Every structure is written in C-alpha cells, then in structure tokens.
Amino acid sequence: MYIVGNLSLILGIVLSAYTIAATVKGIRSQSLQWLGSARGGIFGVFLASLSASGLLLYFLATGQYEYTYVASYTNESLPLIYKLSAFWAGNAGSLLFWTLLLSIYTGIIAFSKKSSYTPYVLAVLAMNLLFFFVVLLALANPFEQSDTIPADGNGLNPMLQNPGMVVHPVTLYLGYVGLAIPFAFAMASLMIRRMDSAWLRLTRKWTLASWMFLTAGNLIGAWWAYVELGWGGYWAWDPVENASFMPWLTVSALLHSVMIQERKNMLIKWNLFLVILTYGLTLFGTFLVRSGILTSVHAFADSSLGTYFFIFMSFMVLFAAYMVVSRNRLINNKSVPVTSYFSKENSFLLNNYILLGAAFAVFWGTIFPLVSETFLGQKINTGAPYFNKVMSPILLALILLMAVCPVIPWEKASLSRFLKQIHLPLGLSVLFAGFLAASGVNGLFPVIGISACMFMLATHAMEIVRAVRARRRATSENVAAALLKLFSKNRRRYGGYIVHIGVGVLAVGIISSQAYPLELIKTLNKGESFTIGSYELTFNSFNKVKKTDRDVIFTEIGVVYKGKRLDPVHPEKIYYDNWAEPSTEVAVKSRWNEDLYVVLSSWETKNKITVLARVNPFISWIWTGGYIMLAGILIALSGGRRAAGTVIVQHVTNREAAR
C-alpha cells in the first residue's frame, strides 16, 4: 500500500508534466492528436489523485498507524466521520484534498465543450497540478511511514471535532481551487490575444460558484468560532480568517466588474487585475496557513512549505503580470473608458475601489506584525480594534453604494430622476434613524449604519415592486405570477438583489452585535442567581460524566426570561485523555433579536463555579443574512442570458420611473 500511494504521487507528477508538454506541442504544431493526448494526461492525473485520496481515506478509516499522518490525526475512539474529516486536518492531507479537487475541476474543463481557450487553460492548470504533486511527494507526503507503530494515534484536535469543521474546510477549498479556473482562462485570453468578454462568459458560473463556496465557508467558520471557542464572538480577525476573507472581497469586486465588460466592453484591465489578484490571494492564504509566520488558532504547524508556496505564488503572479504588460496596447485598444461620472458603470467602478480598499486594509493589518518586526525589531500585533475601526466606514460606504446603485441607469443618470426614485426609501431610513435614537440606541455609527442598511433594503424592495408593477401592466398577471416570472426570466439580476438583501440583513446583525453586547463573569455558589439583560440565571447543579476517552464536566443553569421560566442550559468542559487543553461546549439559547450565550469558565468545587454570560443582540440575523445570500447566489447561478420578455418589462419600468 505504501508503494501504491507513493506511485500515485509519482504518476501525478509525470502525467502533469506530460500534459504541459503535450499541450505546448499540440499548440505549436496545431496537432489535434497531441491535444487529445494532453486531455488523456489530465484524465490520468485525476485517476492518480483519486487513487492517492482513496488510499489515504482508507488508512484513516481503518487506523493504519504505521503512517505518520494517520497516527497524528486519528485514534481508535474517534467517530468515523471525524476519522474521514482528518483527511484535511493536516498539511499533507489538506494538500492532497486540494490536488484532488483541482484535478476534478481540470478534468471537467478538459472534457467539456472545447474552445480555442481550452489547450492554454489546461496548460496553466497542469502547472498548478505539477506543483502540488511535487510538494506532496517531496515535502508533505501523506504516505510517510514511522519507524515504530504506536498502539493508538494522537487523535484529532477537539476543536475540530465539530460538524462545522467537517464542512468548513471543504467549502473553502472548493472556493479556493475553483478560482484557479477564471485565472487560467484569463491567461489563455492573453496568450491568444483575445481581449473580448468571451472568457468571462465561459467562467461566470465557475467564478460565481467559487464565491458561493467562499461565502458558505466563511459563514460556517464564523458559526464554528461562535459555538466552539467560547469567547463570545464569531470573527476575531485572525490571520487565517483574513486569508479567506480577502479573496472573497476581490471576487465580489470581480463579479460586479465583469458585468460592465460584458455589457459595455469597459474595465478590461480591471477584470484581469482582479482575477490575478484573487488567484494570488488564494495562494497567499495557503502560504499563511502553512508557513507558521503568524500565530493563528486555525493554522497548521510551522513548516518549510510556506517558502515553496511563496515562490510558486510569486512565479505565477509575475508570469501573469508579464502577460498583461506584454498585451497592454491590445487591451487599451479594446477597452472603452468610463465617460460619465454619474452612471451605473461608474458606480461599479467605485464598488471596485471600495472592495479593493477593504482587501488592502485587511491585508495590511494581517502582515503588519511581520513588517514591524522586520523594520522596527519588534512584532506589533494588530487586533480587532484596528480592523473594526478601519472596516466600519468601508462597510458603511459599501452599504450606501449598494443602496443607490440599482436606481442609477446606464451611461448617464439624471440627478432629478435619481432623487425622485430614492426620496421614499431615504425618507423612511431617516425616520428609522430617529426611531432608533428615540428608542435609546446609543452611538452615532450604529444608528447611521443600521439606518443605511434599512435604506439599502428599501431601495431593493422598491425596485422589485416597481418591476412587478411594470410586468403586471405589460402582461395582466397577478402579483405572485408576475414576481415568479420576473425572477425566472432574469435570475442573474434578481439573484443579485437577493444577495444584496442578505448582505443588508447580515450587516444589521454585525453592527448590532458589535455595538450592544452585554457580558458578565460571575462566580456562583449552588443555588445563587444573577441577572444579565432580561435573563435571570441560576446555578442548579454540577455534574461529571466519564466516557471512553474523555471526562465531561457540565452544569445546569436555570433560565428565566422576563419572568417566564425557560428550559435550562448546560455549558460544558470536555477533557480528552490524549489532549492537554480542554474543549469548550457553549450553551446558546437563540431568539430572533438576541442570543443568550453561557460558558463554564472554571470551578473551585462542585458547589462553586464561574461562568461567562453574554447577551449578543441580533446574532441570528448574521446567519439568516448568510442563508439569504446563498439563496440569491443559487438563483443567479441557475440563470443564463437575459430573456427578451425581461427587456420589455425593464423598458416599461424605466418609462414608469421617468414619469
């Protein structure tokens, strides 16, 4: 089995290199035979990665502890689902998983409908595959054997024994790896000197699907941090959290920017820059996770892998930059400049600047400890206060732009018509701001931020209502049928509106939860109570349960909310036999407007404990907003070209707005 595993990695290297050579030969000689052989090479690469992955999963499931990776991340008492999820728990396994996904994606491209881009795309993707296979064989071999076979393995980090950590890495990797596809197509378009938007249309769903997976991965990671780490929050601006957030920001900019190129042939250079930057950030995130240069609860152990990822990232980005510079005149000849400052095109360009500014702010805060250590001789860490202070105005600017963008027409907008369209939602948001202030909401930014979210939600609702009304005038359909047909005929546009609504709901949750949390740390004797917000908490009992590989300490905390007795909560501490640090299991009781969050911090005796209690407002809005965003992405993914009927409705809508 050891030989089979390593042979799979060797075959992956050989076949990836062969695919590159056969593709280059086929392109130069215009030989369909060589290009077909390259496609066969990709199929062989897929079989090699599938063989290696299946073998590692078998070793993990059956406890083959002679393999160092298996012994490091599993043990006999670990449930099967977590034995299998150990596949991506360490360097070697996660890199093999990345390689498997990349080989699947590359195979889909190779055996899909062929285009003039395909050979060049396969060559770029095969370069990525070759790098990963070399790293797996030489630096992070999942089939490395130890000199002695332990009786049992070390087991999986208790923090990773959570359903969120079964799904979170998978969704992130699906997003990360998928972003190599638009990069490869962008390079292909530069190689064949074709600067139109054809490559964008071919990769639109790849880009959107990757963004969906990154969105899901970040949300699941935030939920995991909230329920597992026991500190009361969901996002700590950890370096590895930032590493997944930065490409999400740049892909968000790309998805908006490509619409301008498809429709107006504008922002060609912007789109090339964004797709290269996004690809580079996925490799940068992998470098951060595996280099050990920054401290993170999510990072893998310190290793030399980071150096090799940095070299590969630098090579690929410099190669891409060379391709752009060498085609600069052609790009400029094909690109149409944005001429009107007050237009939808310019609002999308402003969106690029805001999202790119956000990505740079996160990037700078993430690497600043390294910069300070290099130039000042001491590592100065940036924490949540820096990120919250910098990102708050950026979020506000983005929300306001999202509020007005749907009502700004293409090419050139009329200020009077624009003001007429936004006066109702703007007036409602101003009244809502007054209501918040009168209700005792403290702080200027929370009032402005939440009101801006209401403004954005109102403009989107108004646009949908106006479009439904226009369709009913054109077709005499009832409201439900008009709404359904409207969405089905232009899923890309209205899916985007749903995503924006989800962002607005999520932003309300973020602003509220950051501005108004309540927190108390209390030491209680048995039977004692304390009050936090509208909750009265009572220490009822202390219990200890011995299981096969762990001791579970839990308490029963009685809960009374506004005089009504609710079911008690049971925060836990779990001590694993083979792990030094205890695992925290948080007790969360959720309502539509707040969460009661209780953590067992410590205890002196079974009759005296210390608990952390928090009331986190509107946390559920964060998860709800995320679900709405994912629903909107799925709607947009299912759509194709805009139907003629929608154009008619849009024309009627514009006429109605002009009155």
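Heads up: the structure comes first, above all this text.
Residues numbered from 1 in each chain as written. Predicted model: local features only at pLDDT ≥ 70, side-chain atom pairs only at ≥ 80, totals over all residues. Heavy atoms only, no water.

## So, the overall build of the protein chain
What counts, and what does not: Elements are defined by DSSP. Helices are runs of H or I of four residues or more, strands are runs of E of two residues or more, and each kind is numbered from the N terminus. We compute the radius of gyration over the C-alpha atoms and compare it with the globule rule, which gives 2.2 Å times the number of residues raised to the power 0.38. Summary of the burial criterion: residues with accessible area below 20% of their type's maximum are buried, those above 50% are exposed, and those between are partly exposed, where the area comes from a 1.4 Å probe applied to protein chains only. Only heavy atoms enter the contact rule, under which two residues are in contact if any of them lie within 4.5 Å. Here the accessible surface of atoms and residues is derived via Shrake-Rupley with a 1.4 Å probe, and residues count as covered only by protein chains that are part of the display.
The number of helices and strands found in the protein chain is 21 helices and ten strands. Over its C-alpha atoms the protein chain spans a radius of gyration of 27 Å, differing by no more than 12% from the 26 Å that the globule rule assigns to 659 residues. Along the first, second and third principal axes, the C-alpha atoms of the protein chain reach 75 × 70 × 55 Å. Relative to its full complement of 659 residues, the protein chain shows a buried share of 54%. Across the protein chain, every contact between residues at least 6 apart in sequence was considered, and the portion connecting residues at least 24 apart equals 72%. Entry remark: accessible area of the protein chain is about 28,500 Å², with carbon and sulfur atoms responsible for 63%.

## Some thoughts on the packing of aromatic side chains
As a reminder, the rule being used: Aromatic pairs are defined between Phe, Tyr and Trp rings, using the six-membered ring for Trp, whenever the two ring centres lie within 6.5 Å; interplanar angles under 30 degrees are classed as stacked, those over 60 as edge-to-face, and all others as tilted.
Per the stated rule, a full pass over the model turns up 44 aromatic pairs. When the ring of Tyr-117 is compared with that of Phe-185, the centres are 6.0 Å apart and the planes differ by 50°; the resulting orientation is tilted. In this pair, Tyr-117 is assigned in the loop between helix H5 (91–111) and helix H6 (118–138) and Phe-185 in helix H8 (residues 180–191), connecting sequence segments 68 residues apart. Classification of Tyr-117 as buried rests on a relative accessible area of 1%.

## Things to note about the packing of H6 against helix H12 (residues 305–326)
The criterion, for reference: Axes, fitted as lines to C-alpha atoms, cover a helix only where it is in contact. Angles between the N-to-C directions of the axes lie from 0 to 180 degrees. An angle below 35 degrees is treated as roughly parallel, one above 145 as roughly antiparallel, one from 65 to 115 as roughly perpendicular, and anything else as oblique. Crossing handedness is defined as follows: a turn of the near helix away from the far one that is anticlockwise and smaller than a right angle gives a left-handed crossing, while the clockwise case is right-handed. Gly falls in the polar group here, along with every residue not listed as nonpolar (Ala, Val, Leu, Ile, Met, Phe, Trp, Tyr, Cys, Pro) or charged (Asp, Glu, Lys, Arg).
Taken N-terminus to C-terminus, the directions of H6 and H12 make an angle of 165°; their axes are 12 Å apart at the nearest point. The pairing of H6 with H12 is recorded here as roughly antiparallel in orientation. Like other packed secondary-structure pairs, H6 and H12 cross with a definite hand, here right-handed. Within the contact between the two elements, H6 uses Val-124, Met-127, Asn-128, Phe-131, Phe-132 and Val-135 and H12 uses Leu-305, Tyr-308, Phe-309, Phe-312, Phe-315 and Met-316. Here the residues of the contact of H6 with H12 sort into eleven nonpolar, one polar and no charged.

## Details of the environment of Leu-129
Summarising the element assignment, Leu-129 is placed in helix H6. Residue Leu-129 is classed as buried on the basis of its relative accessible area of 0%. Along the chain, Leu-129 and Ser-638 lie 509 residues apart, while their C-alpha atoms are 30 Å from each other. Dropping the residues within four chain positions of it, Leu-129 is found in contact with Ser-16, Ile-42, Val-45, Thr-99, Leu-102, Ser-103 and Thr-106.

## Quick look at empty space enclosed by the protein
We apply this condition: Put plainly, a pocket is an open set of points on a 1 Å grid over the protein atoms alone with protein on both sides within 12 Å along at least five of seven lines, a cavity is a set where a 1.4 Å probe fits but cannot get out, and a lining residue has an atom within 4 Å of a point. Grid points are joined across faces, edges and corners, and a volume is the space filled by probe spheres set on the points.
Using the criterion set out here, one finds three cavities of 30 Å³ or more in the structure. In this model, the largest cavity occupies a volume close to 60 Å³. Put simply, the parts of the chain that give the lining of the largest cavity at least two residues each are helix H9 (198–228) and helix H10 (239–264). Sort the elements by how many residues they give to the lining of the largest cavity and H9 lands first, with five residues. By residue class, the composition of the lining of the largest cavity is seven nonpolar, two polar and two charged. Forming the boundary of the second largest cavity are Trp-98, Leu-102, Asn-128, Phe-132, Tyr-176, Val-177, Ala-180, Tyr-279, Thr-282 and Leu-283. Within the residue set of the lining of the second largest cavity, elements represented by two or more residues are H5, H6, helix H7 (163–178) and helix H11 (268–291). Of the residues in the lining of the second largest cavity, the class split is eight nonpolar, two polar and no charged.

## Some points on the nonpolar core
Let me state the cut-off plainly: The definition of a nonpolar core used throughout is a set of buried Ala, Val, Leu, Ile, Met, Phe, Trp, Tyr and Cys residues joined through side-chain atoms within 4.5 Å.
Core analysis: the biggest nonpolar cluster contains 165 residues, and Met-187 and Trp-211 have the highest contact counts within it. The element best represented in this core is H9, accounting for 13 residues. Beyond its immediate stretch of four places on either side in the chain, Met-187 contacts Val-124, Ile-276, Phe-319, Ala-320 and Met-323. Grouped together as the second largest cluster of nonpolar side chains are 20 residues, Leu-537, Ile-557, Val-569 and Ile-609 included.

## Remarks on the environment of Gly-90
Looking at the element boundaries, Gly-90 is found in the loop between helix H4 (80–85) and H5. Take Gly-90: its relative accessible area is 0%, and that puts it in the buried class. Along the sequence, Gly-90 and Ser-72 sit 18 residues apart, while their C-alpha atoms lie 8.6 Å from each other.

## Section: the pairing of strand S3 (residues 535–546)
Two faces, one strand: in a regular strand the side chains alternate between the faces of the sheet. The criterion, for reference: Strands qualify as paired when DSSP identifies two bridges or more between them.
One ladder, built from four bridges, connects strand S2 (residues 529–532) with S3; its direction is antiparallel. What sits directly across from Ser-529, in S3, is Thr-538. Bridging between S3 and strand S4 (residues 550–561) involves eleven bridges; their strand directions are antiparallel. The partner of Glu-536 across the bridge, within S4, is Val-560.

## Brief notes about the pattern of salt bridges
Filter applied, for reference: Salt bridges, as used here, are contacts in which a Lys or Arg side-chain nitrogen is within 4 Å of a carboxyl oxygen on Asp or Glu.
Following the criterion strictly, the structure yields eleven salt bridges and no others. Of the charged contacts in the structure, one is a salt bridge between Arg-466 and Glu-463, with a shortest N-O distance of 2.5 Å. A residue pair is termed a helical-turn pair when its members lie 3 or 4 positions apart in one helix, as Arg-466 and Glu-463 do in helix H17 (residues 444–475) at three residues. What makes Arg-466 buried here is its relative accessible area of 12%. Among the ionic pairs, Arg-550 bridges to Asp-549, the shortest N-O distance being 3.0 Å. Like Arg-550, the residue Asp-549 is buried in the burial classification. Members of the salt-bridge network, linked through shared partners, are Glu-463, Arg-466 and Arg-493.

## Things to note about the pairing of strand S10 (residues 608–617)
Burial analysis of S10 places nine of its ten residues in the buried class, which makes it a mostly covered element. Where strand S1 (residues 518–525) meets S10, eight bridges bridge the pair, whose relative direction is antiparallel. By the bridge assignment for S10, Asn-525 is matched with Lys-608. As defined by bridge partners, strand S9 (residues 594–605) adjoins S10 across ten bridges and the pair is classed as antiparallel. Considered in S10, the bridge of Trp-603 is made with Ile-609. Taking the residues that link successive antiparallel strands as the turn, the S9-S10 hairpin has two residues.

## A closer look at a nonpolar patch on the surface
Filter applied, for reference: Every patch collects residues that have over 30% relative accessible area and no salt bridge, joining them within 9 Å if they carry like charges and within 5 Å if they are nonpolar side chains (Val, Leu, Ile, Met, Phe, Trp, Tyr).
There is a patch of nonpolar side chains on the surface, built from Tyr-2, Ile-3, Leu-7, Ile-10, Leu-11 and Val-14 and spanning about 550 Å² of accessible area. With respect to the element layout, Ile-10 can be found in helix H1 (residues 2–29). Ile-10 sits in the partly exposed class, given a relative accessible area of 37%.

## A look at the environment of Val-390
By the secondary structure assignment, Val-390 is in helix H15 (residues 384–404). Val-390 sits 301 residues away from Ala-89 along the chain, and the two C-alpha atoms are 33 Å apart.

Just distances and angles here, no functional claims.
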